[in-house]
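Below, each chain spelled out in residue letters.
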Amino acid sequence: MPLKVVVAGTAAAAVSNTIGQLVADKVASRIAAKDFTLWGKEAEAESSIRLGWVSSAFDSAPLVDSILALKKEFNDKGVNRFVLCGMGGSSLAPEVITRTAGVDLVVLDSTDADQVGAALAGDLAKTAVIVSSKSGSTVETDSQKRIFEKAFTDAGIDKTDRIVVVTDPGSPMEAAAKADGYRVFNADPTVGGRYSALTAFGIVPSGLAGANIAELLKQAQEVAEVLASDSEENPGLILGAALARTPGEMGNRDKIGIVADGTHIVGFGDWAEQLIAESTGKLSKGVLPVVLDPSSAELHSGLADLLAVHVQADAKPISGDAVSVSGSLGAQFMLWEYATVVASRLIGINPFDQPDVESAKIAARGMLEQRDAVIAPMFTDNQIEVRATELQISGTSVVDAVQALLSNLDDDEGYVSIHAYLDRTSVPEAAELRDLLANKTRRPVTFGWAPRFLHSTGQYHKGGPRQGVYLQIISQAKQDIAVPGRDFSFGELISSQAAGDAKVLGALGRPVLTLTLADAKAGIQAIKNAI
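These remarks concern the structure in this document. Since the model is a prediction, treat every value here as computed from it, not as a measurement.

**Some words on the sheet that holds strand 5 (residues 163-167)**
Right, on to step 1. In space, the five strands of this open sheet follow the order 3-2-4-5-6, with parallel pairing throughout. Both edges of this open sheet fall to strand 3 (106-108) and strand 6 (183-186), since each of them pairs with a single strand only. Averaged over all pairs of adjacent strands, the angle between their axes in this sheet comes to 20°, without regard to strand direction.
Right, on to step 2. Most of the contacts of helix 5 (residues 64-76) go to strand 6, to which it runs at about 155°, and overall it touches strand 2 (81-85), strand 4 (127-132), strand 5 and strand 6.

Here is the structure:
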C-alpha cells in the first residue's frame, strides 16, 4: 500500500508556494538527521531532546521478541484480556493499532467512575493491565494503577504478575515499579507522548493484545527514506505545507477536517487530532483539527477556512480545497509526524512543548483541594444543573443556556468544542451532539471525551487562537469509587478536572457552559432536544 498525498485547490497552491523553500532548506533530511535547530533558537532546548521519534520504527524493533514472549507467557496462563491505563498519546495510538488489527484492548483513558468500574468488572482471572506513563506522575494513570492493584490483591491475585509498566528510563515510576517487582518496558525518553506511536507506548499494549507489531514497524521503516528525501515529491513535505499554509493574505491555515473512511484504519482521526492540536496550538497560533466522517456538515457548508484531509485506503482524485492521504498505518504514523513538525516550522512554533497543558492540571489540583466550595448551579432544568463561566444566560432552561453559548460563536472564525466527561462505553451517543451542533451553527465543531482531551487538544484550546466556545457535559456517577491511598474519589477527581479546565478557559476570556446530568442517557437526549 504505497504512501501518497494528493492535493487540490488552495492546498495545491499552498504546496506550490512553499515546497521549493522546504527543499532548498533541506528540511526533510535535517529532520531525519535530528537537527534540532529547525524550529528556532527558543525551541532548541526542547527540540534537542524530542527527536527520537524519527528513528522509533528502527529503535523499537528489539522490543518485539520480548513483547511476544510475554504475550505467550500470559496466554499460557489463561490471561487473554488486556487493559491499558494511559492518557493522551499513550492511549490513542494503541487504540488505533488494535482497532485496525481487529483485536481486543480495553482502553481506560478516563477518570469517570462508571468507566473505571466497567474496566474493573471484567474477569480479573484472565486480565493483565498495562500502565503507561512517561513519568508516572499523571494523576489519572496513578489513580487507575492504584485501583487495579487493589482489585488484584482483593481477588487473591499477585498484582506484580498482572501489571506491566511502560515508562521512561530513570522516571519516578520506573524506580517505584522495579522496587515493587513489576515488569517494566522502557520507552525512549527523547520522544514526547503524542509522537510515541512506534515506541514502547504504542507497541507493548498493542502487541500483547495481538496486533502484528513487527509488521507495523516494518511499514514505517519502509517509508523512512522517502520521508527523509529533499524532494518536491516527498509526501511529508507536501502534507506539512498543505496543513500550514494558504496562499495570499490568509496566511497560516486555521482549521482542517480529518475525514477517515474507516475501512482500513479505524479511529485514525482521534490520534492525528491530538498530534496536530497539541503540537501547533500555542502562541495564539495553530491548526485546529476536526475529526469528521464523509457525511459531516462541515464538508458541505462551504466553510472556506476548513481544509478537508481524507485518510483513505487508496489515493483518489479529489476536488475543491482538499487533500487525500493513503498508505498503511505504520507509514501514516511517520508521515503525519513529519508533516506536523514541517507545518510547525512554517507556522513558527515549537512542535514539542505543551505549555498550556500544565495549567489545567494545576487548576484541577486546586479544585480537588477546595471541593467543599463547589459552585452552586445557576438553575436546574430537566434534572440538568446549569453552570456558566464567562457567559451570561437570560432564562432558566437548557435551551436558553445553549443559545447563550452559541450567541458567542464568531460566524467567521469561531468553533464549538464539546468536552464529554462521561463514560464513553455506555453513552457513545453523546458523540452525536457534534453533528447536531455543526448542522445548527454551520461552524466547525470538535468533540472530545474527557478528561483525555486535556492531555492533547486541551493545549490548543488554551494556547491556540482564542476562537472557541466550550460545552462541558458531566454526569453524576451511578456508583463512585474511592482512589486507594488518596483522599479523593474518581467522581471528585473528574469533577475537579472539569471545573479546573473551565476556570482556565474562563481566565482567557472564553465562554464555558457546564451541564451536569443526573442521568447520562436521559440528559444527552435532553441536550439533543435543546439544540
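**A short note on the packing of helix 12 (residues 213-222) against helix 16 (residues 329-347)**
Right, on to step 1. Close contact between helix 12 and helix 16 brings their axes to 6 Å; oriented N to C, the two are set at 50°. One finds that helix 12 runs oblique with respect to helix 16. For the element pair helix 12 and helix 16, the recorded crossing hand is right-handed. Between helix 12 and helix 16, the contacting residues are Leu216, Gln219 and Ala220 on the first element and Leu329, Gly330, Ala331, Phe333 and Met334 on the second.
Right, on to step 2. Residues of the contact of helix 12 with helix 16, tallied by class, amount to six nonpolar, two polar and no charged.

**Comments concerning the side chain of aspartate 112**
Right, on to step 1. Residue position: aspartate 112 is located in the loop between strand 3 and helix 7 (113-120).
Right, on to step 2. Within the buried core, aspartate 112 has no salt-bridge partner, and the shortest N-O distance to an opposite charge, that of lysine 478, equals 8.9 Å.
Right, on to step 3. Here the side chain of aspartate 112 touches glutamine 115 through a polar contact of 3.0 Å, landing on its backbone nitrogen.
Right, on to step 4. Not counting chain neighbours up to four residues away, the residues in contact with aspartate 112 comprise Tyr421, Leu422, Asp423 and Ile494.

**Quick word on the pairing of strand 6**
Right, on to step 1. With four bridges connecting them, strand 5 and strand 6 associate as parallel partners. By the bridge assignment, valine 164 is partnered in strand 6 with arginine 183.
Right, on to step 2. In terms of handedness, the path from strand 5 via helix 10 (residues 172-180) over to strand 6 forms a crossover that is right-handed.

**Regarding the sheet that holds strand 9 (residues 306-312)**
Right, on to step 1. Pairing within the open sheet is mixed, and its five strands lie in the order 1-10-9-7-8. Among the strands making up the open sheet, the edge pair consists of strand 1 (4-8) and strand 8 (288-292). Each strand of the sheet is rotated relative to its neighbour by a mean of 20°, with strand direction disregarded.
Right, on to step 2. Sheet analysis places strand 7 (residues 255-260) next to strand 8, joined by five bridges and oriented parallel.

**A look at the side chain of serine 324**
Right, on to step 1. Mapping serine 324 onto the fold places it in strand 10 (residues 322-326).
Right, on to step 2. On the basis of relative accessible area, serine 324 is assigned to the buried category, the value being 0%.
Right, on to step 3. At 2.5 Å, the side chain of serine 324 and the side chain of glutamine 312 are in polar contact.
Right, on to step 4. Once residues lying within four places of it in the same chain are set aside, the contact partners of serine 324 are Lys4, Val5, Val6, His310, Gln312, Ala315, Lys316 and Ile318.

**Observations concerning the environment of alanine 8**
Right, on to step 1. Tracing the sequence through the fold places alanine 8 in strand 1.
Right, on to step 2. A relative accessible area of 10% places alanine 8 in the buried class.
Right, on to step 3. Note: C-alpha distance between alanine 8 and serine 319 (311 residues apart in sequence) is 5.8 Å.
Right, on to step 4. If we ignore the near neighbours within four places in the chain, the residues touching alanine 8 are Ile318, Ser319, Gly320, Asp321 and Ala322.

**Section: the pattern of salt bridges**
Right, on to step 1. Tallied over the entire structure, the rule returns 31 salt bridges.
Right, on to step 2. The shortest N-O distance in the salt bridge between aspartate 270 and arginine 452 comes to 3.8 Å. Of this pair, aspartate 270 sits in helix 15 (residues 268-280) while arginine 452 sits in the loop between strand 14 (445-449) and helix 20 (458-463), and the two are 182 residues apart along the sequence.
Right, on to step 3. Residue class for aspartate 270 comes out partly exposed when judged on its relative accessible area of 23%.
Right, on to step 4. Note on arginine 452: relative accessible area 8%, which makes it buried.
Right, on to step 5. When salt bridges with common partners are traced through the structure, they connect Glu73, Lys77, Asp161, Arg162 and Arg183 into a single cluster.

**Some remarks on helix 14 (residues 235-244)**
Right, on to step 1. When you tally the buried positions in helix 14, you get 10 out of 10 residues, the bulk of the element.
Right, on to step 2. Between the side-chain oxygen at the start of helix 14 and the backbone nitrogen of glycine 236 there is a gap of 2.8 Å, and the oxygen is on asparagine 234.

**Describing the nonpolar core**
Right, on to step 1. By size, the foremost hydrophobic cluster in this structure holds 89 residues, and its most contacted members are Ile31, Trp53, Leu239, Phe268, Trp271, Phe333 and Trp336.
Right, on to step 2. Here this core gets 13 residues from one element, more than from any other, and that element is helix 16.

**A closer look at the packing of helix 14 against helix 16**
For any two helices packed against each other, the geometry is given by the interaxial angle and the distance between the axes.
Right, on to step 1. Contact geometry for helix 14 and helix 16: axes closest at 7 Å, N-to-C directions at 50°. Between helix 14 and helix 16, the angle falls in the class oblique. Relative to helix 16, helix 14 is oriented so that their crossing is right-handed. For the pair helix 14 and helix 16, contact is made by Pro235, Gly236, Leu237, Leu239, Gly240, Ala241, Leu243 and Ala244 and by Leu335, Trp336, Ala339, Val342, Ala343, Leu346 and Ile347, respectively.
Right, on to step 2. When its residues are assigned to classes, the contact of helix 14 with helix 16 shows 13 nonpolar, two polar and no charged.

**Let's talk about a negative patch on the surface**
Right, on to step 1. Residues Asp410, Asp411, Asp412 and Glu413 make up a contiguous surface patch of negative charge.
Right, on to step 2. The class for aspartate 411 is exposed, based on a relative accessible area of 63%.

Rules used throughout
- Residues numbered from 1 in each chain as written.
- Predicted model: local features only at pLDDT ≥ 70, side-chain atom pairs only at ≥ 80, totals over all residues.
- Heavy atoms only, no water.
- Pairing = 2+ DSSP bridges.
- Helix = DSSP H or I, 4+ residues; strand = E, 2+ residues; numbered from the N terminus.
- Axes fitted to C-alpha atoms, helices over the stretch in contact; angles between N-to-C directions.
- Contact = heavy atoms within 4.5 Å.
- Parallel < 35°, antiparallel > 145°, perpendicular 65-115°, else oblique.
- Left-handed = near helix turned anticlockwise from the far one by under 90°.
- Nonpolar A, V, L, I, M, F, W, Y, C, P; charged D, E, K, R; others polar.
- Buried < 20%, exposed > 50% of the residue type's maximum accessible area, 1.4 Å probe, protein only.
- Lys, Arg positive; Asp, Glu negative; His and termini not counted.
- Salt bridge = Lys/Arg side-chain N within 4 Å of Asp/Glu carboxyl O.
- Polar contact = N/O pair within 3.5 Å; in protein donor to acceptor, adjacent residues only side chain to side chain.
- Right-handed = clockwise from strand over helix to strand, strands pointing away.
- Core = buried A, V, L, I, M, F, W, Y, C linked by side-chain atoms within 4.5 Å.
- Patch = residues over 30% accessible without salt bridge, like charges linked within 9 Å, V, L, I, M, F, W, Y side chains within 5 Å.
- Areas by Shrake-Rupley, 256 points an atom, 1.4 Å probe, with all protein chains shown as cover.
- Charge placed at Lys NZ, Arg CZ, Asp CG, Glu CD.

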